[in-house]
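Descriptive structure summary
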Amino acid sequence: MLKPSANLMFLLTLAGAALIVALGVMPLEHGVARLQNADEPLAMPAAGELDHRFHLLSAWQSASVPDSPRFDPPMGSEQGALVYNAQKFWEMNEKRGGHHTGDDLNGIGGMNTDLGDPIHAAADGLVVYTGEPSPGWGNIVVLAHKAPDGRKLHSMYAHLHRIDVTRGSLVARGARVGAAGTANGYYPAHLHFEMRATEGVDIGAGYAMFPLNRLDPAATVAALRRAAPDRHSVSPLALAVAGAAPVSRP
Ligand SMILES: [Zn+2]
């Protein structure tokens, strides 16, 4: 019979061997290499439990979010004409088991007549997310804004047929961020448009029991169209992006 100390040594050796084998066969995607994906916000894990610390904007990103003096509807004309809202914010959807977290904007032609229609940035903003978090969401663009009332707001454009901006770039109000799509054929083409009061990117679900950081998109845009008159001039950011000489703000 082995003495207790020899028994312990034997068990430790076995455990060590098992650990070495486990490390050897562990797939790389569970390691550090998987933590960064071009389509994800910085350091956001591609799979597994969400860690909300990873969704906060970096200090550099926060400093890059532009003033957004005015907001406009993201589809149709600058006034939102030629578009109807098929499913308004916070309507209860029994089939999906929750309240709708955005507005479903459609071209007035109905069904897929608006497939490929341009989707516009609701306001001057920083692109903080581009990607396809799931087939049902399809392509998504998220912009970060500094509203005239000081709030940090995000606008989110989902089910896109195509994404026309890159993460980290500045876009001017009205710039094309993508095209209306069907989220891989899951729905007739439309834009799922959300407005959020938030400091970080967390895509979440399109139906929920609690609004959390979600705002009524139509009401928020309508309220923020009434910017101070002296800020209604041509957006300095639009000029800067177009390569024009910088202009001084009043
Ligand atoms: Zn929707």
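Everything in this summary refers to the structure shown in the same document. Note that the structure is predicted; figures quoted are calculated from it, not measured. (Residues numbered from 1 in each chain as written. Predicted model: local features only at pLDDT ≥ 70, side-chain atom pairs only at ≥ 80, totals over all residues.)

In this model, L82 sits at a positive phi of 70°, which is unusual for a non-glycine residue. With respect to the helices and strands, L82 occurs in the loop between α2 (59-64) and β1 (83-87). At A183, a residue that is not glycine, the phi angle is positive and equals roughly 50°. Relative to the assigned elements, A183 resides in the loop between β11 (176-179) and β12 (191-197). Judged by the 22 C-beta atoms lying within 10 Å of it, A183 is buried. (Helix = DSSP H or I, 4+ residues; strand = E, 2+ residues; numbered from the N terminus. Buried ≥ 20, exposed ≤ 12 C-beta atoms within 10 Å, placed from the backbone.)

Before going further, it helps to spend a moment on the nonpolar core. Ranked by internal contacts, the top residues of the largest apolar core, which has 40 residues, are A121, V128, I140, V141, V142, L143 and Y157. For this core, the secondary-structure elements that each account for two or more residues are β6 (125-131), β7 (139-146), β8 (152-160), β12 and α3 (217-224). Ignoring anything within four residues of it in the chain, the contact list for I140 reads Y129, G131, E132, P133, M156, Y157, A158, L160 and I203. (Core = buried A, V, L, I, M, F, W, Y, C linked by C-beta atoms within 7 Å. Contact = placed C-beta atoms within 7 Å.)

A word on the pairing of β11. Of the pairings in the sheet, the one linking strand β5 (residues 118-120) to β11 comprises three bridges and is antiparallel in character. Each bridged residue has a counterpart across the sheet, and for P118 the counterpart in β11 is A179. As defined by bridge partners, strand β9 (residues 162-163) adjoins β11 across two bridges and the pair is classed as antiparallel. Each bridged residue has a counterpart across the sheet, and for I163 the counterpart in β11 is G178. (Pairing = 2+ DSSP bridges.)

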